[in-house]
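Okay, here's what each chain looks like letter by letter:
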Amino acid sequence: MTVTRTGAPLLAAARREPVSHTPVWFMRQAGRYLPEYRAIREHHTLLEIVAQPELAAEVTLQPVRRLDVDAAILFADILLPLVPMGLELEFAKGEGPVIRNPVRTAGDVMRLAPVDVHDALASVLETVRLVRDELDDLVPLIGFAGAPFTVACYAIEGGSSKNFIEAKRLMYGAPEVWNGFMGRLVTVIGDYLTAQVEAGAQAVQVFDSWAGALSPSDYRRYVQPHSRALFERLQPLGVPTIHFGVDTATLLEPMRDAGGDVIGLDWRVPLDEGWVWIGEDRAVQGNLDPTALFAPVDELERRVRDILARAGGRPGHIFNLGHGLLPTTPVDNVRRVVDLVHEATAR
Ligand code: CP3
């Protein structure tokens, strides 16, 4: 049977339509494992790249050129919207993100500035336009933002965290302040993603990277209403939405209920079992262990084929990692995964 194919495999897969091959892209596909990215980073900080649309567009396109992936992802960061809200964000060398004035009290939430995303995040929106001009119809541009919970964690902790003590202290101890802050984030993130789509993003991914720090009941109580409000705002935009988290084996159902046409799976869940919990009415994205890219090529290939077998050729699988590419990943292995996914699934 020949299938008539129009448009991008990634967008078709997100709608669970038949595809010419399983689409593949990688979270953090633009980054330090690429020599051409490191060459730019030698002369510019992350925030400088993001502030210069020509540079950010170039970095967005680098992995598309080198890897033959089925999507581009906007080069930006989930923490950018915190800056116009009044938080002092830095990417300190070796430390990851640092926020000098974290949100801890009701007063801190009240002092957050209202954000006009068209003004405050204009450079990111211009990057979207520049990238779209360079891409053909088969390679869509994915816009993204952090989910309110994961962004709140950084804003409250002041950086990365292992136990999220300050975030949970606020959540458990002052739920009205927590809910007020999450509500503010939903507004800004919703405005930001809407503006990305209006500028040309053809799908959006919401990263709830730290959702796995929560029990299902805490997720339902403190996070799900806010993530649901965000996805409800995105729905009328008419582009596919991807909802991703890490360590979410016990959260797949409540995350699905919050929203997302596509649910991201990390590598701790066998893809077929995760898909059963999520349900056949959604697409899934994932879920190779990022460290499998450090294995010998035959072992890497075996793992890629195992994921494809679990997807079983059903419409609605987008191949990706279970989390982002690591900075020391061998580039040739990344390219091998793309080629293997394309060869093994060509229909
Ligand atoms: O290629 C892409 O995926 C697009 C670009 C992208 C970046 N950040 C650029 C970046 C995306 C999608 C993100 C999302 C992001 N940022 C997340 C969610 C995804 C995830 O990994 O769970 C999170 C939690 C952040 C916050 C963040 N930004 C951290 C913790 C760090 C430091 C860790 C690190 O890898 O260095 C960053 C910095 C950052 N954001 C880099 C990049 C390419 C590395 C900066 C560098 O070049 O030195």
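Numbering of residues starts from 1 in every chain and runs along the sequence as written. Only residues with pLDDT of at least 70 are given local features in this predicted model, and only at 80 or more are side-chain atom pairs given and counted; all residues enter the totals for whole chains, interfaces and linings. Processing note: side-chain calculations cover all non-hydrogen atoms of the structure and skip hydrogens and water entirely.

Participant: If you had to explain the environment of Tyr 192 to someone new, which residues and values would you point to?
Facilitator: Counting from the N terminus, the helices are the DSSP runs of H or I reaching at least four residues and the strands are the DSSP runs of E reaching at least two. As for its position among the elements, Tyr 192 is in helix α10 (residues 175-199). The spatial distance from the C-alpha of Tyr 192 to the C-alpha of Gly 159 is 22 Å, given a sequence separation of 33 residues. By the convention used here, residues are in contact when the closest approach between their heavy atoms is within 4.5 Å. Those residues within four positions of Tyr 192 in sequence are excluded, and the remaining contacts are Ala 76, Leu 80, Pro 81, Val 117, Leu 121, Val 124, Phe 144 and Ala 145.

Participant: Before we move on, can you summarise the side chain of Asp 218 with the specific residues and values?
Facilitator: Inspection of the secondary structure assignment puts Asp 218 in helix α11 (residues 216-234). Ignoring any residue separated from it by four or fewer positions in sequence, one finds Asp 218 in contact with Tyr 172 and Val 223.

Participant: Talk me through the packing of aromatic side chains; I want residue IDs and the actual numbers.
Facilitator: Each Phe, Tyr or Trp ring, with Trp reduced to its six-membered ring, pairs with another whose centre is within 6.5 Å; inter-plane angles below 30 degrees give stacked pairs, above 60 give edge-to-face pairs, and intermediate values give tilted ones. Applying the stated criterion to the full structure yields six aromatic pairs. Ring geometry for Tyr 37 and Phe 75: centres 5.7 Å apart, planes at 50°, overall tilted. Here Tyr 37, found in helix α2 (residues 35-41), pairs with Phe 75, found in the loop between β1 (72-73) and β2 (89-92); they are 38 residues apart in sequence, far enough to count as distant. For the ring pair Phe 144 and Phe 207, a centre distance of 5.5 Å and an interplane angle of 85° mean the geometry is edge-to-face. Of this pair, Phe 144 sits in strand β4 (residues 141-146) while Phe 207 sits in strand β5 (residues 203-208), and the two are 63 residues apart along the sequence. For every residue, the accessible area (1.4 Å probe, protein chains only) is compared with the maximum for its type, and the residue is labelled buried under 20%, exposed over 50%, or partly exposed between those bounds. On the basis of relative accessibility, which here comes to 7%, the residue Phe 144 falls in the buried class. In textbook terms, an aromatic cluster arises when at least three aromatic residues are bridged by ring pairs, as seen for Phe 144, Phe 207 and Phe 244. The ring of Trp 275 has Arg 314 sitting right over it, with the charged end atom 4.4 Å from the ring centre. For a lysine, the NZ atom is tested; for an arginine, the CZ atom; a charge sits over a ring if that atom is within 6 Å of the ring centre and within 35 degrees of the ring normal.

Participant: Can you tell me about the site of the ligand, naming the residues and giving the values?
Facilitator: The full set close to the ligand counts 22 residues, and Arg 28, Arg 32, Tyr 37, Ser 209 and His 323 are the nearest of them. The contact in question runs from an oxygen atom of the ligand to an N or O atom on the backbone of Ala 30, over 2.9 Å. Polar contact is defined as a pair of N or O atoms within 3.5 Å, subject to the rule that within protein one atom must be able to donate a hydrogen and the other to accept it, and that residues adjacent in sequence are counted only when both atoms are side-chain atoms. Here an oxygen atom of the ligand and a side-chain polar atom of Ser 209 are 2.5 Å apart. All accessibility values rest on the Shrake-Rupley procedure with a 1.4 Å probe; residue burial counts only the protein chains present in the view. If the ligand stood free it would expose 860 Å²; the protein chains cover 89% of that surface. Lining residues are those with an atom within 4 Å of a point, where the points come from a 1 Å grid over the protein atoms alone and group into cavities, where a 1.4 Å probe fits but cannot get out, or pockets, open sets with protein on both sides within 12 Å along at least five of seven lines. More than half of a molecule's atoms lying within 2 Å of a cavity's or pocket's grid points is what places that molecule inside it. Judged by its atoms lying within 2 Å of the grid points, the ligand is housed in the largest pocket. Going through the elements one at a time, α2 and β3 (96-99) are the ones with two or more residues in the shell around the ligand. All residues other than Ala, Val, Leu, Ile, Met, Phe, Trp, Tyr, Cys, Pro, Asp, Glu, Lys and Arg, Gly among them, are scored as polar; the first ten of these are nonpolar and the last four charged. Class assignment for the residues of the shell around the ligand results in 14 nonpolar, four polar and four charged. Here, proximity means that at least one heavy atom of the residue falls within 4 Å of the molecule or strand.

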